[in-house]
Amino acid sequence: MNPATDQAMKPKYLIFIPAHQAARTISRVMLKLAKLPMDFDVLVVDNNSQDKTLEVVESVIKEHSFKGYHLIRNIKNHGYGGSQKIALFFGIYNGYDKLMIIHADDQYPVEYIPQLAEFNSKSNAAMSLGTRLKHPDIKKVMPIWRYLINYTVSTINNFVYGLKLDEWNSEFRIYDLK
């Protein structure tokens, strides 16, 4: 085995965190990411937050000497879709192989990122979905009304389409950028 060849074969990951008014939760997400046993860079796209989201991100990066963090602040709120387009463009333009999405609200299980990445690589899929409904602390991190809506919509869609997806509204995703 050649370490240089093995490293060259590993996909280059960019984890995208869309952020809007996320000052209360984004540091938890960032600190969980720092514990993951894989290599990646992080792109935070702040969608013109009026709280201290930007300051919190900058503080956590500086305090923990994080490397590989990129921060974009939209001067206008482009919405989630607009931020996602920015992240996709950034990832493609900067030569990343995979773009993973994890929200700043701490509702998605960051600790499952390596499993989602492994599944995506082995399946050779253009996109893979994770779920927050299997999050060990889902009742603490997701309002019950949102959980019930997600569960109900997913159950109905699974029945109508004959599928067995845990969650139809998941934004816990990985895209192949190549």
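Before any of the text, the structure's been laid out above.
Thresholds applied
Residues numbered from 1 in each chain as written. Predicted model: local features only at pLDDT ≥ 70, side-chain atom pairs only at ≥ 80, totals over all residues. Heavy atoms only, no water. Helix = DSSP H or I, 4+ residues; strand = E, 2+ residues; numbered from the N terminus. Rg over C-alpha atoms; globule rule 2.2 N^0.38 Å. Expected span 1.5 Å × (residues − 1). Buried < 20%, exposed > 50% of the residue type's maximum accessible area, 1.4 Å probe, protein only. Arc of directions from axis to C-beta. Core = buried A, V, L, I, M, F, W, Y, C linked by side-chain atoms within 4.5 Å. Contact = heavy atoms within 4.5 Å. Salt bridge = Lys/Arg side-chain N within 4 Å of Asp/Glu carboxyl O. Pairing = 2+ DSSP bridges. Axes fitted to C-alpha atoms, helices over the stretch in contact; angles between N-to-C directions. Patch = residues over 30% accessible without salt bridge, like charges linked within 9 Å, V, L, I, M, F, W, Y side chains within 5 Å. Areas by Shrake-Rupley, 256 points an atom, 1.4 Å probe, with all protein chains shown as cover. Parallel < 35°, antiparallel > 145°, perpendicular 65-115°, else oblique. Left-handed = near helix turned anticlockwise from the far one by under 90°. Nonpolar A, V, L, I, M, F, W, Y, C, P; charged D, E, K, R; others polar.

A.B. asks: I would appreciate a short explanation of the overall build of the protein in the present structure.
C.D. replies: Helix and strand content of the protein: seven helices and six strands. Mapped from its N terminus to its C terminus, the protein presents α and β elements in the order α-β-α-β-α-β-α-β-α-β-α-α-β. Since a compact globule built from 178 residues should have a radius of gyration of about 16 Å, the 17 Å found for the protein is in line with a globular shape. Taking the principal axes of the C-alpha coordinates as reference, the protein spans close to 45 × 45 × 30 Å.

A.B. asks: Quick question: what am I supposed to make of helix α7 (residues 144-161) here?
C.D. replies: Spacing of three or four residues puts side chains on the same side of an α-helix, whose turn is 3.6 residues. Relative to the 26 Å expected for 18 residues at 1.5 Å per residue, α7 spans 25 Å between its end C-alpha atoms, a close match to the ideal helical length. Every buried residue of α7 is accounted for by Asn 150, Ser 154 and Asn 158. The arc that holds every buried residue of α7, seen down its axis, measures 60 degrees, which confines them to one face. Among the exposed residues of α7, those oriented more than 90 degrees off its buried face are Ile 144, Trp 145, Phe 159 and Val 160. Following α7 by one or two positions, Gly 162 has its phi on the positive side, about 70 degrees.

A.B. asks: When you look at the nonpolar core in this model, what are you seeing that I'm missing?
C.D. replies: Proteins that are soluble and globular tend to have nonpolar side chains buried together. Ranked by size, the top nonpolar core spans 30 residues in total, and within it Ile 17, Ile 26, Met 30, Leu 33, Ile 102 and Ile 113 carry the most contacts. Mapped onto this core, the elements with two or more residues apiece are β1 (13-19), α2 (26-34), β2 (41-46), α3 (53-63) and α5 (113-123). Leave out the neighbours within four places in its chain, and Leu 33 touches Ile 15, Ile 17, Phe 40, Val 42, Tyr 69, Val 110 and Ile 113.

A.B. asks: Sorry if this is basic, but what is going on with unusual backbone geometry here?
C.D. replies: A positive phi angle, near 55 degrees, is found at Asn 48, a position not held by glycine. Within the fold, Asn 48 resides in the loop between β2 and α3.

A.B. asks: I would appreciate a short explanation of the pattern of salt bridges in the present structure.
C.D. replies: Should their charged atoms come close, side chains of opposite charge can pair. A complete count under the given rule lists seven salt bridges for this structure. With a shortest N-O distance of 3.0 Å, Asp 106 and Arg 28 are connected by a salt bridge. Of this pair, Asp 106 sits in the loop between β4 (98-101) and α5 while Arg 28 sits in helix α2; the two residues are 78 residues apart in sequence, bridging distant segments of the chain. Residue classification places Asp 106 among the buried residues on the basis of a relative accessible area of 3%. One salt bridge in this structure joins Lys 32 and Asp 106, with 2.8 Å as the shortest N-O distance. Here Lys 32, found in helix α2, pairs with Asp 106, found in the loop between β4 and α5; they are 74 residues apart in sequence, far enough to count as distant. Residue Lys 32 is classed as partly exposed on the basis of its relative accessible area, which comes to 28%. The network of salt bridges with common partners includes Arg 28, Lys 32 and Asp 106.

A.B. asks: Would you take a moment to explain the sheet that holds strand β6 (residues 173-176) for this structure?
C.D. replies: A sheet is described by the order of its strands in space; here six strands give the open sequence β3-β2-β1-β4-β6-β5, paired in mixed fashion. With one partner strand each, in any of the chains shown, β3 (69-73) and β5 (127-129) form the two edges of the open sheet. For this sheet, the mean angle separating the axes of adjacent strands, direction not counted, is 20 degrees. Where β5 meets β6, three bridges bridge the pair, whose relative direction is antiparallel. Bridging across to β6, Met 127 finds its partner in Tyr 175. Sitting on the sheet, α3 is in contact with β1, β2 and β3, with an inclination near 165 degrees to β3.

A.B. asks: What is the right way to look at a nonpolar patch on the surface in this model?
C.D. replies: Side chains of Ile 156, Phe 159, Val 160, Tyr 161, Leu 163 and Leu 165 sit close together on the surface and give an oily, nonpolar patch of about 660 Å² of accessible area. Mapped onto the fold, Phe 159 is located in helix α7.

A.B. asks: What's the story with the packing of α2 against α3 in this structure? I'm lost.
C.D. replies: Helix-helix packing is characterised by the crossing angle of the two axes and by the distance between the axes. Following both chains from N to C, one finds α2 and α3 inclined at 30 degrees, their axes separated by 9 Å at the closest point. In this view, α2 runs roughly parallel relative to α3, as classed from their interaxial angle. The interaxial crossing formed by α2 with α3 has right-handed handedness. Taking contact as the criterion, the partners of Ile 26, Ser 27, Met 30 and Leu 31 in α2 are, on α3, Val 56, Val 57, Val 60 and Ile 61. Residues of the contact of α2 with α3, tallied by class, amount to seven nonpolar, one polar and no charged.

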